[in-house]
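Residue-level structure breakdown
Given next are the chains, with one letter for each unit.
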Amino acid sequence: MEDIKKAEYLAYKKTEVLTDKVLHYCPGCGHGTIHRLVAEVIEELDLQHKTIGIAPVGCSVLAYEYFNVDFQEAAHGRAPALATAISRLYPDHAVFTYQGDGDLAAIGTAETIHACNRGENIVIVFVNNGIYGMTGGQMAPTTLENMKSSTSPYGRDVKMMGSPMKMSELVANLPGTHYVTRQAVHKPGHVRKTKRALKKAFQYQQEKKGTQLVEIVSNCNSGWKMTPNKSNQWMEENMFPFFPLGDIKTPDDK
Amino acid sequence: MAKIKGDIVIDIERCKGCQVCVPVCPNDTIAMSDKVNAKGFKYAFKAQDNCIGCANCAIVCPDGVITVYKKKMK
Ligand SMILES: Cc1ncc(C[n+]2csc(CCOP(=O)(O)OP(=O)(O)O)c2C)c(N)n1
Ligand code: SF4
Ligand code: SF4
């Protein structure tokens, strides 16, 4: 058999916009795939020299270690506030936040909603895994009804704990958001769609269209206490009915 | 008929053995080893020479450890 492992036949290789550091994420966690897609989009849009990312608190707290672009760490939930400042100071830069659901939808709700309402010219990458992954799988505002977490061991009782919150639908109603979409990355087709969505978001940001929010429903196999493939299946069966995938607000809706 | 030949290289020392790449391959090219890498993970490896270079495995791999090659054969 002919050896085709030559540069001229290269079809896919990890982008150089990611560093060579080994990701600290658990095996099978969607954070790694999402990092890679953001990096690929930055590379394809030739934005590496003028991208500033804002890292959250949560599992992706070390995101700045993995991207070959400028980064700033925010206090828990404050990434949209920091991104506001940076994007106003550097209006031509590609400014994005990368946030989990605990970060964006709990402690950072105010920052998220007000940045979206003001229409700050930023991309928000929102990774929704239904729990606080980093701190041990506690209930988040996004935890599904009856879903078990370390602080709702019998399942989320909505009478006592409130209903799960759909942040994307909520901010889509605000005048400042321009593009709001919900995607996933557990299967090849979803990965390709998410990449297209992220690309649109960064393009719109470069056109100064306001706030672009890309939610990615993802797994936390360690927190959910499942194998990675099982967690992806569980996500399809349980997360997607409540958090349906697809565009929530597009420029045509305006 | 033009035939496509693909090939993959898995950086086994960076593989975390999550198995997400296994079910997405249309040809069952990838399998999990019984051996472990230096981190102690049972790693993914190319078990058959029937890859078509679709890159499904590479784009779902959270750790970006798979490189894909593809050639159109005459
Ligand atoms: C001010 C403050 N409060 C609480 C914490 C503890 N803490 C660290 S990560 C985290 C939740 C992160 O969850 P999420 O944003 O969903 O991200 P994931 O880890 O699931 O990716 C919390 C509450 C903190 N670091 N700082
Ligand atoms: S490139 Fe496609 S055919 Fe080749 S191993 Fe990966 S998934 Fe299978
Ligand atoms: S998806 Fe990547 S890390 Fe997971 S088993 Fe396959 S090659 Fe290894």
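Scroll up a little and you will see the structure.
Residues numbered from 1 in each chain as written. Chains lettered and ligands numbered in written order. Predicted model: local features only at pLDDT ≥ 70, side-chain atom pairs only at ≥ 80, totals over all residues. Heavy atoms only, no water.

**Points about the overall build of chain A**
Within chain A, the regular secondary structure consists of nine helices and 10 strands. Its C-alpha radius of gyration of 18 Å places chain A within 12% of the 18 Å reference for a compact globule of 254 residues. Considering only C-alpha atoms, chain A reaches an extent of 60 × 50 × 35 Å along its principal axes. Here chain A holds 254 residues, and the buried ones make up 56% of them. Look at the contacts in chain A between residues 6 or more apart in sequence, and 68% of them connect residues 24 or more apart. (Helix = DSSP H or I, 4+ residues; strand = E, 2+ residues; numbered from the N terminus. Rg over C-alpha atoms; globule rule 2.2 N^0.38 Å. Buried < 20%, exposed > 50% of the residue type's maximum accessible area, 1.4 Å probe, protein only. Contact = heavy atoms within 4.5 Å.)

**Points about the packing of helix H1 (residues 30-44) of chain A against helix H7 (residues 188-206) of chain A**
Residues and elements named next belong to chain A. Direction vectors running N to C along H1 and H7 enclose 50 degrees, while the axes themselves pass 9 Å from each other. Looking at the two axes, H1 sits oblique to H7. Viewed along their axes, H1 and H7 form a crossing whose handedness is right-handed. Contact residues: H1 offers Thr33, Leu37, Val38, Glu40, Val41, Ile42 and Glu44, while H7 offers Val191, Thr194, Lys195, Leu198, Lys199 and Phe202. (Axes fitted to C-alpha atoms, helices over the stretch in contact; angles between N-to-C directions. Parallel < 35°, antiparallel > 145°, perpendicular 65-115°, else oblique. Left-handed = near helix turned anticlockwise from the far one by under 90°.)

**Describing the interface of chain A and chain B**
Many structure descriptions define interface size as the accessible area lost when the parts assemble. Contacts between chain A and chain B engage 32 residues on the former and 32 residues on the latter. For the chain A and chain B pair, buried surface summed over both sides reaches about 2,600 Å², with 60% attributable to carbon and sulfur atoms. Looking only at chain A, the three residues that lose the most surface to chain B are Ile4, Lys5 and Tyr12 of chain A, adding up to 22% of its buried area. For the interface between chain A and chain B, the tally reads two salt bridges. (Buried area = accessible area lost by both parts, 1.4 Å probe. Salt bridge = Lys/Arg side-chain N within 4 Å of Asp/Glu carboxyl O.)

**Considerations on unusual backbone geometry**
Residue and element names in this part refer to chain A. Even without being glycine, aspartate 46 reaches a positive phi, approximately 55 degrees. In this structure, aspartate 46 sits in the loop between H1 and strand S2 (51-55). Aspartate 46 gets classed as exposed once you look at its relative accessible area, which sits at 55%. A positive phi angle, near 70 degrees, is found at asparagine 146, a position not held by glycine.

**Points about the site of ligand 2**
The environment of ligand 2 is formed by Ile8, Cys25, Pro26, Thr29, Cys51, Ile52, Gly53, Cys54, Ala55, Asn56, Cys57 and Val68 of chain B. When the residues that make up the shell around ligand 2 are grouped by side-chain class, the tally is nine nonpolar, three polar and no charged. (Near = heavy atom within 4 Å. Nonpolar A, V, L, I, M, F, W, Y, C, P; charged D, E, K, R; others polar.)

**Quick word on the site of ligand 1**
Residue and element names in this part refer to chain A. Close to ligand 1 lie 16 residues; Cys59, Asp101, Gly102, Asp103 and Gly133 are nearest. Histidine 31 is positioned with one of its side-chain polar atoms (N or O) 2.9 Å from an oxygen atom of ligand 1. One nitrogen or oxygen atom from the main chain of methionine 134 is found 2.9 Å from an oxygen atom belonging to ligand 1. Calculation on ligand 1 without its partners gives an accessible area of 600 Å², and the protein chains cover 73% of this total. Of all the secondary structure elements, the ones that give two or more residues to the shell around ligand 1 are helix H3 (101-107) and strand S6 (131-132). Considering every element that reaches the shell around ligand 1, the biggest residue donor is H3, with four residues. Considered class by class, the residues forming the shell around ligand 1 number six nonpolar, eight polar and two charged. (Polar contact = N/O pair within 3.5 Å; in protein donor to acceptor, adjacent residues only side chain to side chain. Areas by Shrake-Rupley, 256 points an atom, 1.4 Å probe, with all protein chains shown as cover.)

**Quick look at H1 of chain A**
All names here are of chain A. With 15 residues, H1 extends 21 Å between its outermost C-alpha atoms, agreeing within 8% with the 21 Å of an ideal straight helix rising 1.5 Å per residue. The element H1 is extensively covered by neighbouring structure, given that 13 of its 15 residues are classed as buried. After H1 finishes, the residue aspartate 46 shows a positive phi value of roughly 55 degrees. (Expected span 1.5 Å × (residues − 1).)

**Description of the environment of valine 38 of chain A**
All names here are of chain A. Within the element layout of this structure, valine 38 appears in helix H1. Valine 38 gets classed as buried once you look at its relative accessible area, which sits at 0%. Considered as a pair, valine 38 and asparagine 173 are 135 residues apart in the sequence and their alpha carbons are 25 Å apart.

**Here's the deal with the sheet that holds strand S8 (residues 177-184) of chain A**
All names here are of chain A. Spatial strand order, S3-S2-S4-S5-S9-S8-S10: seven strands in an open sheet with mixed pairing. Unpaired on one side and paired on the other, strand S3 (70-73) and strand S10 (246-249) mark the two borders of the sheet. Here the average twist between neighbouring strands, direction ignored, is 20 degrees. Where S8 and strand S9 (residues 211-217) come together, seven bridges link them in parallel fashion. Counted as the bridge partner of valine 180 is leucine 213 from S9. (Pairing = 2+ DSSP bridges.)

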